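# A structural walkthrough
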Amino acid sequence: MSYDDQNIFAKILRGEIPNDTVYEDDHVLAFRDIQPQAPTHVLVIPKGAYVSFDDFAENGSDEEFAAYVRAIGKVARQERVAPVAGGNGFRMISNAGEDGVQEVPHLHMHILGGRRIGRMIQPPRE
Ligand code: DGP
């Protein structure tokens, strides 16, 4: 699947749509999900044009990988959900493709916490 530069997160990265940023560096932007499913619901995205995690893994640079992983950890600590910083825990989810029910075709990691998130896999809703 090729990258669609009209997707909503590409527009956020270009500053065409506002967002509630919680963290930013040269390679990464993290902002609050517009439809939060938990008290903490942050999306962490690379600034590079990657459709999904597998695209990133295949085509990203080591510098981008390091920045992405570290940013996810920073967000979890900053949001006070990271157990390493005394938080009560969180879940990371990255949906990919149709079976993964990915709605926005720009890689994003959901960071969910602030409540008990529940079982890892729920029955399909659709
Ligand atoms: P996914 O199904 O994994 O592709 O999740 C996409 C998420 O993106 C979903 O939880 C809602 C969120 N989202 C969609 N549009 C916007 C937007 O314009 N701003 C923000 N902050 N989040 C958005």
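Check the entry above for the structure.
Quick caveat: nothing in here was measured; it's all calculated off a predicted structure. (Residues numbered from 1 in each chain as written. Predicted model: local features only at pLDDT ≥ 70, side-chain atom pairs only at ≥ 80, totals over all residues. Heavy atoms only, no water.)

This next bit is on the site of the ligand. Near the ligand you find 16 residues, and of these Asp33, Asn95, Glu103, His108 and His110 are the closest. Within the contact set of the ligand, a nitrogen atom lies 3.2 Å away from a backbone nitrogen or oxygen of Ile34. Protein contact buries 88% of the 510 Å² of open area that the ligand shows by itself. Broken down by secondary-structure element, the contributors of at least two residues to the shell around the ligand are helix H1 (8-13) and strand S2 (28-32). The element contributing the most residues to the shell around the ligand is H1, with three residues. (Near = heavy atom within 4 Å. Polar contact = N/O pair within 3.5 Å; in protein donor to acceptor, adjacent residues only side chain to side chain. Areas by Shrake-Rupley, 256 points an atom, 1.4 Å probe, with all protein chains shown as cover. Helix = DSSP H or I, 4+ residues; strand = E, 2+ residues; numbered from the N terminus.)

What follows is about the layout of surface pockets. In this model, the second largest pocket occupies a volume close to 180 Å³. For the second largest pocket, the full set of lining residues is Arg80, Val81, Asn88, Gly89, Phe90, Arg91, Gly114, Arg115, Arg116, Ile117 and Gly118. Within the lining of the second largest pocket, the residues separate by chemical class into three nonpolar, four polar and four charged. (1 Å grid on protein atoms, 1.4 Å probe; cavity = no way out; pocket = protein on both sides within 12 Å on 5 of 7 lines; lining within 4 Å. Points joined across faces, edges and corners; volume = space filled by probe spheres on them. Nonpolar A, V, L, I, M, F, W, Y, C, P; charged D, E, K, R; others polar.)

This part covers the sheet that holds S2. Consider a sheet: its strands pair through backbone hydrogen bonds, and that pairing is either parallel or antiparallel. Taken together, five strands build an open sheet; the order of strands is S1-S2-S3-S5-S4 and the sheet is antiparallel. Looking along the sheet, the strands with just one partner apiece sit at the ends: strand S1 (21-24) and strand S4 (90-93). Here the strands of the sheet are splayed against their neighbours by 20° on average, with no regard to which way each runs. Pairing analysis gives four bridges linking S4 to strand S5 (residues 109-113), with the strands arranged antiparallel. Across the sheet, Phe90 pairs through a bridge with Gly113, a residue of S5. Contacting S1, S2, strand S3 (40-46), S4 and S5, helix H3 (residues 62-78) crosses the sheet at an angle of about 160° to S3. (Pairing = 2+ DSSP bridges. Axes fitted to C-alpha atoms, helices over the stretch in contact; angles between N-to-C directions. Contact = heavy atoms within 4.5 Å.)

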